[in-house]
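One-letter residues, chain by chain:
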Amino acid sequence: MTASGTSTSHREYFWRKLHSFTGIFPIGAFLAEHFWSNSYALVSVEKYNEVSRGLQTIPWRVPLEALLIWLPILFHGGYGVYLWWKGKSNVLDYPWMANWMYTLQRWTGLVAFVFIGWHVYTERFLTQGKSTYADVERALSDPLYFWLYIVGIVATSFHLGNGIWNFLCKWGIATSARAQRGAAWFGALVGVTFTAVGLAIVLGVRFDWKPFEFYTLPRQ
Amino acid sequence: MAEKKTVLVRIKRQLAPDQKPYWEEFELTWRPFMNVIILLRDIAERPVTREGKVTTPVAFDANCLEEVCGACAMRINGKARQACSALVDQLEQPIRLEPLTKFPVVRDLFVDRSRMFENLKRMKAWVPIDGTYHLGEGPRIAPEVQQRAYPLSRCITCGNCLEVCPQVNERSDFVGAAIINQVRLFNLHPTGAMHKRERLDAVMGPGGVHDCANAQNCVKACPKGIPLVESISEVNRDAIRQAIFGWLFG
Ligand code: HEM
Ligand code: SF4
Ligand code: FES
């Protein structure tokens, strides 16, 4: 990727930008899809199992999963660990807001990496890709699993919300201080929304709370 | 009369680049309008520690004494800033003075900031006008561009923005905010813009603009109030455009 035919190496630039981009697409987009599909747990057990089954039986499932989910997460996560190691937070010396965000972006990424690895292993591989509502319910009845989910969801949602802000600044989409403030609010909104939806799903399954179940009732 | 007012200061000293740092404490007579440079000069006049031990004067770098040369940057009570504009009356005592940590120490508070100059060269942050004949006057600059460029031109290469940047450290060769800001400045200049492509090419190279991870400390630490975050974002925008369009069509 040499832009003007000189000998400057642009390899690192390319990987950096790819890392940044994969955070939004496909990983961020998949997270949105994942929270959406799992929200069916708030409608009914049958609906949830129907939607899960639908996703589990799409054609070309494994290659699609590999290309759109596993590979991007492995790359973003792996390169993310390298970037985490390369930065040296000084937030205790300079406790400014954006500096906290910088530090948290790195640590939530690491938490997300561990959580996703464990989550995929238990819910995707141990169930041979045929996980049902009952599997999720059983997992969440264990307090340890329950709290791991809470931590994983909060960390990942923060990471995506703040990551969107980072992305908008780092691709020169929001350049002025004003635009970056707007982008920060947008990122915060995304982070809070994902946290709220994610927690609602976990609490819904754990406490058998079905706020949208009335959708399935016959018309009066 | 009341007791004579004194100033307590602890200084991290280091006699040579390869020697171990150590701390010394001094107690000085307070003077009105004292700043950290005056304080260091008072020590030079009478280099005796608080315990009464005769020592060497503390080495430091300073020139303009009015925050325009950049030389006197150091860590004062843990924060990177200019010593000449740090008023003793506004500092918590004992005042802690340390050299910047992102540059090699020459001696005591004196560091070698030449890496910034090397990086300005590496990122082509200048306008090449030398040649074998007189090039004449450059194009005129619109007032609107002048107004945008002027604040960027106020950089004094003090290095505070590098000192506070978590991405500038021994594991990374990130050039830091000041250098990227200069890339933007020279790209804005109509004569400088003739080399915009080369400059962006350099800034996408190792240690370039992509190493910024948006901690935004630079803009808070800059004594000249330069909109560094905006500069980095603007250079990022130009760079990605050149990368994508250069790659697709170039
Ligand atoms: C659900 C999974 C994930 C999502 C949705 C996600 C999303 C994002 C987004 C949108 C960004 C902003 C891009 C940018 O800074 O330019 C980002 C940055 C980052 N991510 Fe992730 N990420 C995820 C997982 C991970 C994992 C597993 C790690 C591993 C440690 C990680 C580490 C990082 C780091 C270090 C950055 C900052 C890069 C920099 O500022 O230079 N992320 N992520
Ligand atoms: S940009 Fe500001 S902090 Fe950085 S070197 Fe220039 S004047 Fe100093
Ligand atoms: S002596 Fe010049 S900036 Fe302080």
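Data block above holds the structure.
Keep in mind the model is a prediction, meaning the values are calculated, not measured. (Residues numbered from 1 in each chain as written. Chains lettered and ligands numbered in written order. Predicted model: local features only at pLDDT ≥ 70, side-chain atom pairs only at ≥ 80, totals over all residues. Heavy atoms only, no water.)

(A) Examining the overall build of chain A more closely. Helix and strand counts for chain A stand at 7 helices and 0 strands. Helices and strands in chain A line up, N terminus first, as α-α-α-α-α-α-α. Principal axes of the C-alpha set define a box for chain A whose edges measure 65 × 40 × 35 Å. With 220 residues in all, chain A has 45% of them scored as buried. The long-range share in chain A, meaning contacts at least 24 apart out of those at least 6 apart in sequence, stands at 73%. When the accessible surface of chain A is summed, it comes to about 12,300 Å², and 71% of that surface belongs to carbon and sulfur atoms. Considering chain A, the positive charge centre built from 18 side chains and the negative charge centre built from 12 side chains are found 12 Å apart. (Helix = DSSP H or I, 4+ residues; strand = E, 2+ residues; numbered from the N terminus. Buried < 20%, exposed > 50% of the residue type's maximum accessible area, 1.4 Å probe, protein only. Contact = heavy atoms within 4.5 Å. Areas by Shrake-Rupley, 256 points an atom, 1.4 Å probe, with all protein chains shown as cover. Lys, Arg positive; Asp, Glu negative; His and termini not counted. Charge placed at Lys NZ, Arg CZ, Asp CG, Glu CD.)

(B) Broad picture of the site of ligand 2. The environment of ligand 2 is formed by 14 residues, the closest being Cys155, Cys158, Gly159, Cys161 and Cys222 of chain B. For the shell around ligand 2, the residue count by class is 10 nonpolar, 3 polar and 1 charged. (Near = heavy atom within 4 Å. Nonpolar A, V, L, I, M, F, W, Y, C, P; charged D, E, K, R; others polar.)

(C) Expanded view of the interface of chain B and chain A. In this assembly, 42 residues from chain B lie in contact with 37 residues from chain A. Between chain B and chain A, a total of about 3,500 Å² is buried, with carbon and sulfur atoms accounting for 51% of that surface. Inspection of the region where chain B meets chain A yields 3 salt bridges. Between lysine 86 of chain A and aspartate 211 of chain B there is a salt bridge; the shortest N-O distance is 3.9 Å. Connecting chain B to chain A are 22 residue pairs in polar contact (both at pLDDT 80 or more). Of all the secondary-structure elements, those providing two or more residues to the side of chain B that touches chain A are strand S4 (79-82), helix H6 (196-203), helix H7 (217-221) and helix H8 (228-249) of chain B. In terms of residue count, the dominant contributor to the side of chain B that touches chain A is H8 of chain B (12 residues). Residues of the side of chain B that touches chain A, tallied by class, amount to 17 nonpolar, 13 polar and 12 charged. (Buried area = accessible area lost by both parts, 1.4 Å probe. Salt bridge = Lys/Arg side-chain N within 4 Å of Asp/Glu carboxyl O. Polar contact = N/O pair within 3.5 Å; in protein donor to acceptor, adjacent residues only side chain to side chain.)

(D) Broad picture of the nonpolar core. Formed by 78 residues in total, the largest nonpolar core has its most connected members in Ile180, Val203 and Val209 of chain B. At 10 residues, the largest contribution of residues to this core is made by helix H6 (residues 143-170) of chain A. Each residue touching valine 209 of chain B, except ones within four places of it in the same chain, is listed here: Tyr13 of chain A together with Phe174, Ile180, Val203, Ile232, Val235, Asn236 and Ala239 of chain B. Core analysis: the next-biggest nonpolar cluster, separate from the first, contains 24 residues, Ile11, Leu39, Leu40 and Met74 of chain B among them. (Core = buried A, V, L, I, M, F, W, Y, C linked by side-chain atoms within 4.5 Å.)

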